[in-house]
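Observations on the three-dimensional arrangement
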Amino acid sequence: MLILTFPDYLKQAQRLASSLNVPLLEVVLHRFPDGESLIRLPPSLPAHVIICRSLNQPNDKLIELLLCATTARQLGVKRITLIAPYLCYMRQDIANQPGEAVSQRIIGKLLADLFDDVITVDPHLHRISTLNQAIPIKNAISLTAADEIGFFLQKKLVHALLLGPDSESEQWVAAIAEKIGFDYAIAEKQRRGDRLVEISLPNRSFSEMPVVIIDDMASTGRTLAGTVRQLQAAGNKETYAVVTHALFCGDAEAHILQAGVRGLWSTDSIDHPTSCIHLDLLIAKTVLALVR
Ligand code: R5P
């Protein structure tokens, strides 16, 4: 077995390789001025290769995965496992208007055609319950970072109220709250545009204890920033936020910090200064169970 990774996932892949005691090599990647990518793999590969890369900024990365997996097959690899802790294109699971692409199913089919196994963490599944409804292969494995986030919060805070910013976040917030015995509440969100959200807090007191906002991802940061502002208006003095996937596009992080959050944390599904919750042990356990 060999792990192949890309420069943007190197640190996390090194941790995973050392947890699994498996060799790691970096794919040679060159982006040409016109936007095309050149991929070069080691010419001699074992029968089972694990490709690790989170799929934030997905369009280039998906093409590079296509080049990588197809070349690996041509070099004789029999089994290719994709570890993509952040899985892109999972949110568009229906056509909201006639003619709209249902990206979840299209990208899911592409990944199913390329890989024997796909492992991801807290994918944004809304109207489906299992990952293989999106990626039609037997080993489409969806892990959750609930334990890792829960243990981290227990070390940081004696007690806190966990708050999900919208109904979709309840699946993650409830799981973490149950694991660590903290109370939780769920706000309501109206999205008016890519960078415009309105948050309404549930009717309860937020002034008596620390509040940790929990979401699967922060993209523009408007959901987290809006929730922080509402909490401050409700008298909360100690607001924190934790996300599984730190996409943090453009000014997202600055926007959230300016809103007055006291601590902002994420898992290392995407490398970012806030990524202090490591996922290598969670992923390593799953890989070991797969190859046993
Ligand atoms: C959507 O429902 C997700 O769970 C996140 O709440 C959303 O993607 C966050 O986006 P943004 O950071 O752009 O508000």
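Placed above this text is the structure.
Since the structure is predicted, the reported quantities are computational estimates derived from the model, not experimental observations.

**Observations concerning the pattern of salt bridges**
Tallying each qualifying case throughout the model produces 18 salt bridges. Ionic pairing is found between Glu-198 and Arg-192, a salt bridge with its closest N-O pair at 3.1 Å. Glu-198 sits in the partly exposed class, given a relative accessible area of 40%. One salt-bridge network, held together by shared partners, links Asp-8, Arg-31, Arg-53, Asp-60, Lys-61 and Glu-64.

**Observations regarding empty space enclosed by the protein**
Across all of its chains, the model carries one cavity of 30 Å³ or more by this definition. Size it by volume and the largest cavity reaches roughly 30 Å³. Of all the secondary-structure elements, those providing two or more residues to the lining of the largest cavity are helix H1 (10-20) and helix H8 (280-291). Of the residues contributing to the lining of the largest cavity, the split by class is four nonpolar, one polar and two charged.

**Considering the site of the ligand**
By nearness alone, 15 residues border the ligand, and Asp-215, Asp-216, Ser-219, Thr-220 and Thr-223 come closest of all. Between the ligand and Lys-189 there is a distance of 3.0 Å, counted from an oxygen atom to a side-chain nitrogen or oxygen. Contacts to the ligand include Thr-223, whose side-chain N or O atom sits 2.5 Å from an oxygen atom. Bound to the protein, the ligand loses 94% of the 370 Å² it would expose on its own. With respect to the detected pockets, the ligand is housed in the largest pocket. Among the elements of the structure, strand S11 (188-193), strand S13 (211-218) and helix H6 (222-233) are those that each provide at least two residues to the shell around the ligand. Partitioning the shell around the ligand into residue classes produces two nonpolar, five polar and eight charged.

**A short note on unusual backbone geometry**
The backbone phi angle of Asn-21 is positive, close to 55°, even though this residue is not glycine. Note that Asn-21 resides in the loop between H1 and strand S2 (24-26). Despite not being glycine, Phe-248 shows a phi value in the positive range, around 35°. Along the chain, Phe-248 turns up in the loop between strand S14 (239-246) and helix H7 (252-259). Note on Phe-248: relative accessible area 9%, which makes it buried.

Definitions and limits used
Residues numbered from 1 in each chain as written. Predicted model: local features only at pLDDT ≥ 70, side-chain atom pairs only at ≥ 80, totals over all residues. Heavy atoms only, no water. Salt bridge = Lys/Arg side-chain N within 4 Å of Asp/Glu carboxyl O. Buried < 20%, exposed > 50% of the residue type's maximum accessible area, 1.4 Å probe, protein only. 1 Å grid on protein atoms, 1.4 Å probe; cavity = no way out; pocket = protein on both sides within 12 Å on 5 of 7 lines; lining within 4 Å. Points joined across faces, edges and corners; volume = space filled by probe spheres on them. Helix = DSSP H or I, 4+ residues; strand = E, 2+ residues; numbered from the N terminus. Nonpolar A, V, L, I, M, F, W, Y, C, P; charged D, E, K, R; others polar. Near = heavy atom within 4 Å. Polar contact = N/O pair within 3.5 Å; in protein donor to acceptor, adjacent residues only side chain to side chain. Areas by Shrake-Rupley, 256 points an atom, 1.4 Å probe, with all protein chains shown as cover. Sits in = over half its atoms within 2 Å of the grid points.

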